[in-house]
Amino acid sequence: MVNKKIQRTYCGQITSQSIGEEVKLFGWVHVRRDLGGLVFIELRDHTGRIQLAADPKRNSSVHNIFLSLRNEYVIAATGIVQKRPGDSANSNLATGELEIYPEHVELLNTCQTLPFQLDEAQNVDEAYRLKYRYLDLRRPEMQANFRLRHAVVTTIREQLNKHHFTEIETPILTKATPEGARDFMVPSRLNAGLWYALPQSPQLFKQTLMISGFDRYYQIARCFRDEDLRADRQPEFTQIDVEMSFIDEEDIMAVTESWITAAFKCGGINIPIPLPRYTFKEVMDCFGSDKPDMRFDLKIKDLTTLAAKCQFKVFNEVASFGGFVRSICLPGKANDVSRRVLDEWRDFVKLSGAQGLMWVAYGQDIDGKPQIRSAGLDKYLSPEEMTELKTLSGAKDGDLVLIVAGTYHVVCQSLGRLRLKIAEELKLIDESKNKMFWVLEFPMFEWDADNKRWAAMHHPFTAPHPDDLHLLDTAPDKIRARAYDVVFNGIELGSGSIRIHDQATQAKIFKTIGLDEEAAKEKFGFLLEALSTGAPPHGGIALGIDRMVMLLTGMKSIRDVIAFPKTQSGTCLLTDAPSKVSPEQLAELKVASTVKEKVKEEKKAEVV
């Protein structure tokens with residue numbers, strides 16, 4: 001008779017329905033407790049933990065193995081699931097009412113003393129955890145992050161497949177682009193002196209696929225940007241990249257809403273659709289940001305009409321030169337914000353280019369007279385003008401009004417950042433709320449002061465609004481782009497646009513951003529030629545997977561949802577990359593290093 005092989009059971013699969021069943025478990029010893037006779041261990045795999053017990057009277061060989069076990073030893077165990085005695089259940093464990101007295105235990109591997117204990121990792125320096133990333137990833141919290149990431153990506157794929165998209169891979173070794181962030185460069189061995197670039201996005205390839213007639217494309221794309229790093233940025237990252245033909249903005253936004261809301265449900269967040277839509281001008285005017293956090297109010301109010309006619313020189317001059325005077329009203333804070341804090345806020349807005357911060361505190365009326373304190377404004381504005389300021393700012397008795405004057409950019413940036421700072425300091429953000437929405441009609445161009453030319457705000461393949469196309473030669477700053485961003489709780493998840501699909505318009509856009517005909521042909525000749533072969537109207541979007549999962553898991557750093565991330569200096573502490581290569585490798589690539597070796601410390605000492 002052939003014995004039936006027992007199939008593996010996972011710790012997290014064991015329930016009260018498993019009582020009486022024989023199971024075979026594999027995993028790591030999470031903790032061991034020796035009670036002077038009975039020995040207990042908690043066995044852990046990626047699904048959870050369960051208690052195993054060994055009694056010398058019941059099975060001395062298993063008991064002896066248990067005595068030798070230490071944390072993170074790897075074992076296999078076979079036994080019958082049984083209910084724990086009533087007074088020994090562990091309510092903190094999903095399997096806390098169950099246990100197993102194994103009949104057979106096999107030690108699969110031992111473990112040396114760890115550089116840190118897994119249950120104490122939250123108190124360990126991140127650099128140390130990154131060096132021993134294989135241990136850090138063993139932790140249940142990190143395992144959960146990557147299981148959720150897998151669920152998100154799987155859900156997105158399923159949704160796009162339902163909408164008849166085709167997943168297509170595009171090249172990793174490609175051509176350097178003149179726009180956007182700095183490229184990572186790769187020398188070609190077979191073509192000496194020539195270089196590949198790692199893609200910042202599959203933008204040109206996915207447009208080419210539309211010209212090829214694929215109609216609907218997507219890709220879980222690896223992208224690379226050689227730029228300074230921060231908590232939510234990595235040199236290599238993953239985005240969900242989508243492109244569609246014969247569509248307009250509403251089409252692409254509707255499809256995107258279907259898969260992004262399904263992805264957020266994986267993290268327990270329900271987002272109602274359709275998402276609200278706001279123009280770039282609306283969010284900048286009201287919130288001072290193109291990715292505002294709308295979980296709290298504090299809208300910016302305009303005081304420029306008052307500034308233009310008042311006698312206060314600072315306000316009047318700003319308004320007369322085309323600037324703006326705008327404010328934020330803090331309800332009920334007239335007497336709650338100290339002068340020290342107001343001075344801190346003044347210094348903060350100066351970091352965004354503002355000359356200063358004016359304020360007015362409208363106290364409660366006493367004997368019918370308003371009690372007003374201000375940073376000197378009441379000396380320059382009449383009582384009637386102070387009342388008008390109160391009305392325009394939306395203030396009531398007991399409110400504090402903060403005011404900044406300057407150019408549109410300075411006022412928006414300084415008040416937008418101050419708005420967020422105040423919300424965080426005064427705890428105004430309702431963490432139970434979630435706000436996702438679209439921002440539309442971005443400016444097509446922004447002025448690049450360093451290079452003294454216009455630059456594309458998104459990228460130079462974005463289509464201009466058809467109503468603004470006539471402004472291309474006379475007022476590029478007035479042109480709206482057919483671009484759209486999706487924003488969640490003050491963070492941009494991704495952006496997209498309707499693309500230029502005719503060669504003549506694309507050539508004009510290149511010219512506007514300073515690429516003459518020869519330069520445009522050198523950089524994008526294949527695209528211009530492809531556009532002349534019957535390119536359909538098309539558009540798309542790209543959203544960052546890493547950032548999305550970071551938000552869904554509640555992590556503070558994007559590194560906690562990337563399996564093997566880089567540090568802020570762009571290094572991998574696990575593998576010690578980047579690293580030196582041999583002179584022979586450089587010679588084969590026909591590349592010479594211009595970086596001189598550092599003089600060793602002992603050599604320096606000898607010189608001294």
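Preceding block: the structure.
What you see is a predicted model, and the numbers here were worked out from it, not measured in a lab. (Residues numbered from 1 in each chain as written. Predicted model: local features only at pLDDT ≥ 70, side-chain atom pairs only at ≥ 80, totals over all residues. Heavy atoms only, no water.)

**A look at the nonpolar core**
Piece 1. I240, V242, W259 and F264 are the most contacted members of the largest nonpolar core, which has 74 residues in total.
Piece 2. Considering each element in turn, this core owes the most residues, seven residues, to helix 6 (residues 249–266).
Piece 3. Each residue touching V242, except ones within four places of it in the same chain, is listed here: L160, F165, K206, Y217, Y218, I252, W259, R499, G540 and I541.
Piece 4. Counting 28 residues, the second-largest nonpolar core is a separate cluster that includes V23, A77, V105 and L135. (Core = buried A, V, L, I, M, F, W, Y, C linked by side-chain atoms within 4.5 Å. Buried < 20%, exposed > 50% of the residue type's maximum accessible area, 1.4 Å probe, protein only. Helix = DSSP H or I, 4+ residues; strand = E, 2+ residues; numbered from the N terminus. Contact = heavy atoms within 4.5 Å.)

**Some points on the pattern of salt bridges**
Two side chains with opposite charge may pair up if their charged atoms get near one another.
Piece 1. All told, the structure shown has 39 salt bridges when counted by the stated rule.
Piece 2. Its salt-bridge partner being D136, residue R133 comes within 2.9 Å of it at the nearest N-O pair. One end of the pair, R133, and the other, D136, are both in helix 3 (residues 133–136), three residues apart, so they sit about a helical turn from each other. Accessibility classification places R133 together with D136 in one group, the buried group.
Piece 3. The partner of D136 in a salt bridge is R139, with the nearest N and O atoms 2.9 Å apart.
Piece 4. By relative accessible area, which is 0% here, D136 ends up buried.
Piece 5. The network of salt bridges with common partners includes R129, R133, D136, R139 and E141. (Salt bridge = Lys/Arg side-chain N within 4 Å of Asp/Glu carboxyl O.)

**What to know about unusual backbone geometry**
Piece 1. Here the residue pair I273 and P274 is connected by a cis peptide bond, since its omega of 5 degrees sits within 30 degrees of zero.
Piece 2. On the secondary structure map, P274 appears in the loop between helix 6 and strand 11 (277–279).
Piece 3. With an omega of 0 degrees, the peptide bond running from A577 to P578 counts as cis.
Piece 4. Inspection of the secondary structure assignment puts P578 in the loop between helix 16 (545–553) and helix 17 (583–589).
Piece 5. For E72, which is not glycine, the phi torsion reads 75 degrees and is therefore positive.
Piece 6. Checked against the element boundaries, E72 lands in the loop between helix 1 (60–68) and strand 4 (74–83).
Piece 7. A positive phi angle, close to 70 degrees, is found at D215, a residue other than glycine.
Piece 8. Relative to the helices and strands, D215 resides in the loop between helix 5 (203–211) and strand 9 (216–224).
Piece 9. Judged by relative accessible area, D215 falls into the partly exposed class, the value being 31%.

**What to know about the packing of helix 4 (residues 140–162) against helix 16**
Piece 1. Running from N to C, helix 4 and helix 16 cross one another at 125 degrees; their axes reach a closest spacing of 10 Å. One element, helix 4, and the other, helix 16, form an angle in the oblique class. In this structure, the crossing between helix 4 and helix 16 has a hand that is right-handed. Where helix 4 approaches helix 16, its residues N145, L148, R149, V152, V153 and I156 are matched on the opposing element by I545, D546, M548, V549, L552 and T553.
Piece 2. The residue inventory of the contact of helix 4 with helix 16, partitioned by class, reads eight nonpolar, two polar and two charged. (Axes fitted to C-alpha atoms, helices over the stretch in contact; angles between N-to-C directions. Parallel < 35°, antiparallel > 145°, perpendicular 65-115°, else oblique. Left-handed = near helix turned anticlockwise from the far one by under 90°. Nonpolar A, V, L, I, M, F, W, Y, C, P; charged D, E, K, R; others polar.)

**Details of the side chain of S258**
Piece 1. Tracing the chain through its elements places S258 in helix 6.
Piece 2. If we ignore the near neighbours within four places in the chain, the residues touching S258 are Q159 and H163.

**Description of the sheet that holds strand 15 (residues 372–374)**
Piece 1. Sheet architecture is open: five strands sit in the order 12-13-16-14-15, paired in antiparallel fashion. Two strands bound the open sheet, and with one partner strand each, they are strand 12 (300–302) and strand 15. Strand-to-strand twist across the sheet, computed as the mean angle between neighbouring axes with direction ignored, equals 25 degrees.
Piece 2. One ladder, built from three bridges, connects strand 14 (residues 358–362) with strand 15; its direction is antiparallel. Pairing of A361 across the sheet is with R373, part of strand 15. (Pairing = 2+ DSSP bridges.)

**Overview of the environment of F510**
Piece 1. Position of F510 among the secondary structure elements: in helix 14 (residues 503–512).
Piece 2. Separated by 54 residues in sequence, F510 and A456 place their C-alpha atoms 9.4 Å apart.
Piece 3. Setting aside its immediate chain neighbours within four residues, F510 contacts P460, F461, L515, A520, F524 and L528.

**Considering a nonpolar patch on the surface**
Piece 1. Nonpolar side chains collect at one region of the surface, where Y134, F564 and L574 lie side by side and expose about 300 Å² of accessible area between them.
Piece 2. For F564, the location among the structural elements is in the loop between helix 16 and helix 17.
Piece 3. Classification of F564 as partly exposed rests on a relative accessible area of 49%. (Patch = residues over 30% accessible without salt bridge, like charges linked within 9 Å, V, L, I, M, F, W, Y side chains within 5 Å. Areas by Shrake-Rupley, 256 points an atom, 1.4 Å probe, with all protein chains shown as cover.)

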